[in-house]
Amino acid sequence: MDILPDRLPWYITGPALGVLVVGLFLIANQPLGASGAYVQTMKAARRDTDTVGWRVWYFGGIFVGGLLATVLGRGFEWRRGYDAMSAAGWSPGVMAVVVFLAAIIMGYGARMAGGCTSGHGICGTAQRSPASWATTATFVGTAIVVTFILTSLTGLGDLVMSDGSLGVQP
Amino acid sequence: MKNPMNVIGGLFGAGFGFVLAAAQLNEYDTIHKTLRFAEWDVFLLMGLAIGVSLPLLWVLERRGTTTVFGGRLSLSRSRIERHHIVGGALFGTGWALAGTCPAPALAMISSGAMYGTIAVTGLFIGLWLRDRQVERAAVSVPEGDGEHRVLSR
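Just so it is clear, the structure is predicted and the values come from calculations on it, not from any experiment.

What chain A contains, in helices and strands, is 7 helices and 0 strands. Its helices and strands taken in sequence order, chain A reads α-α-α-α-α-α-α from the N to the C terminus. Taking the principal axes of the C-alpha coordinates as reference, chain A spans close to 55 × 40 × 35 Å. In chain A, buried positions account for 52% of the 170 residues. For chain A, contacts bridging at least 24 residues in sequence account for 52% of all contacts bridging at least 6.

Listed below in structure tokens is the structure:
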């Protein structure tokens, strides 16, 4: 359904996210983080008695909200994802291994740092937490350096054209 | 408190997931292009989200606002420690390679991109590995500023 454009512009989605952050603090005094919701969902799966139940609903809500925006916008279709990697000629197997190992490192790092892109990057910085600002600066800086190294070594980056569109493998 | 909070949690999760998918933050290509400065939308989005919430939270905190279910609004501001820097560097490495992070990975699956399931599985394993390591070391780690926190009232 073309009710939404394929991509809502940042000047709408940015403030919308900001309002959600403030809203959850006003209602529950809690950050709009994601890694903590994974932890609670894991606890629920283990039937731990100290599970925070609403974080599990929140975890499921992210999934449902994403589906809704996709259906109303560019449309749902089953696909692999990671088009830029495919365009660079990476095999599905290599892509799967890279994504899997990277996600393990990411999960471990998020738990060690006490938050992720939403928890530290938006909610922590908005709380004016020095720890969150330091964590955010570190992960953004590291990600830029790692991306630079990755694109230099593999040519992955050459496939993004100057207008931001993705090129085709020559 | 338990039941209304479940519904509220579900709604906030849905709103969050909706924004992430509408902004295409759940696409590897978006994150990859951002990190190599081929587009600025994600940085602008994050900047505006902080730009809206930081001053509002500041004012609400100064006014001593009482939240609906969580008592008086209390923002957490921890000092910088080694684990923030090491964890942040590891997180950034994974973020760059997987091109997604915990919340967008969920919205990636529900947009139909099946490799999102690999990312979410890996995230669960990584989070669990850190928890297990901390448990074995028998140290207690306070909740991070970005995580769910136990409110003492």
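On to the nonpolar core, then. Side chains of nonpolar character tend, in soluble globular proteins, to be buried together. Ranked by internal contacts, the top residues of the largest apolar core, which has 89 residues, are Val21(A), Ala103(A), Met106(A) and Ala119(B). Each of domain 1 (1-78) and domain 2 (82-170) of chain A gives at least three residues to this core. For Ala103(A), the residues in contact, after removing those within four places along its chain, are Gly94(B), Ala98(B), Ile118(B), Ala119(B), Gly122(B), Leu123(B) and Gly126(B).

Attention now moves to the interface of chain A and chain B. Listed per partner, the contact involves 115 residues of chain A and 105 residues of chain B. Within the residue set of the side of chain A that touches chain B, elements represented by two or more residues are α1 (10-28), α2 (35-45), α3 (53-72), α4 (83-87), α5 (92-113), α6 (119-126) and α7 (130-154) of chain A. Looking at which element gives the most residues to the side of chain A that touches chain B, the answer is α1(A), with 18 residues. Taken together, the residues that form the side of chain A that touches chain B break down as 67 nonpolar, 40 polar and 8 charged.

Residue and element names in this part refer to chain A. Here chain A is partitioned into domain 1 (1-78) and domain 2 (82-170). Measuring from the centre of the C-alpha atoms in domain 1 to the corresponding centre in domain 2 gives 20 Å. On the side of domain 2, 9 residues touch domain 1, which itself brings 8 residues to the contact. If you list the elements that add at least two residues to the side of domain 1 that touches domain 2, you get α1 and α2. Considering only residue class, the side of domain 1 that touches domain 2 consists of 5 nonpolar, 3 polar and no charged.

On to the confidence of the model for chain B. Summing up the model confidence of chain B, the mean pLDDT is 94 and the portion of residues at 70 or higher is 97%. Our summary of model confidence lists the complex with pTM equal to 0.94 and ipTM equal to 0.95.

Once that is clear, we can look at the packing of α6(A) against α7(A). Residue and element names in this part refer to chain A. Interaxial distance between α6 and α7 falls to 8 Å at its minimum, and their mutual angle equals 145°. By crossing handedness, the relation of α6 to α7 is classed as left-handed. On α7, the residues that touch His120, Gly121, Gly124 and Thr125 of α6 are Ala131, Ser132, Trp133, Thr135 and Thr136.

So, about the packing of α7(A) against helix α4 (residues 82-98) of chain B. Relative orientation of the contacting elements α7(A) and α4(B) amounts to 40°, with a least axis distance of 7 Å. Here α4(B) runs oblique to α7(A), going by the angle between their axes. Every pair of crossing elements has a handedness; the one defined by α7(A) and α4(B) is right-handed. Two secondary-structure elements touch here, α7(A) through Ala131(A), Ala134(A), Thr135(A), Thr138(A), Phe139(A), Val140(A), Gly141(A), Thr142(A), Ala143(A), Val146(A), Thr147(A) and Leu150(A) and α4(B) through His84(B), Ile85(B), Gly87(B), Gly88(B), Ala89(B), Phe91(B), Gly92(B), Thr93(B), Trp95(B), Ala96(B) and Leu97(B). Of the residues assigned to the contact of α7(A) with α4(B), the class counts are 13 nonpolar, 10 polar and no charged.

Scoring rules and cut-offs
Residues numbered from 1 in each chain as written. Chains lettered and ligands numbered in written order. Predicted model: local features only at pLDDT ≥ 70, side-chain atom pairs only at ≥ 80, totals over all residues. Helix = DSSP H or I, 4+ residues; strand = E, 2+ residues; numbered from the N terminus. Buried ≥ 20, exposed ≤ 12 C-beta atoms within 10 Å, placed from the backbone. Contact = placed C-beta atoms within 7 Å. Core = buried A, V, L, I, M, F, W, Y, C linked by C-beta atoms within 7 Å. Domains from an automatic or database assignment. Nonpolar A, V, L, I, M, F, W, Y, C, P; charged D, E, K, R; others polar. pLDDT = per-residue confidence, 0-100. Axes fitted to C-alpha atoms, helices over the stretch in contact; angles between N-to-C directions. Left-handed = near helix turned anticlockwise from the far one by under 90°. Parallel < 35°, antiparallel > 145°, perpendicular 65-115°, else oblique.

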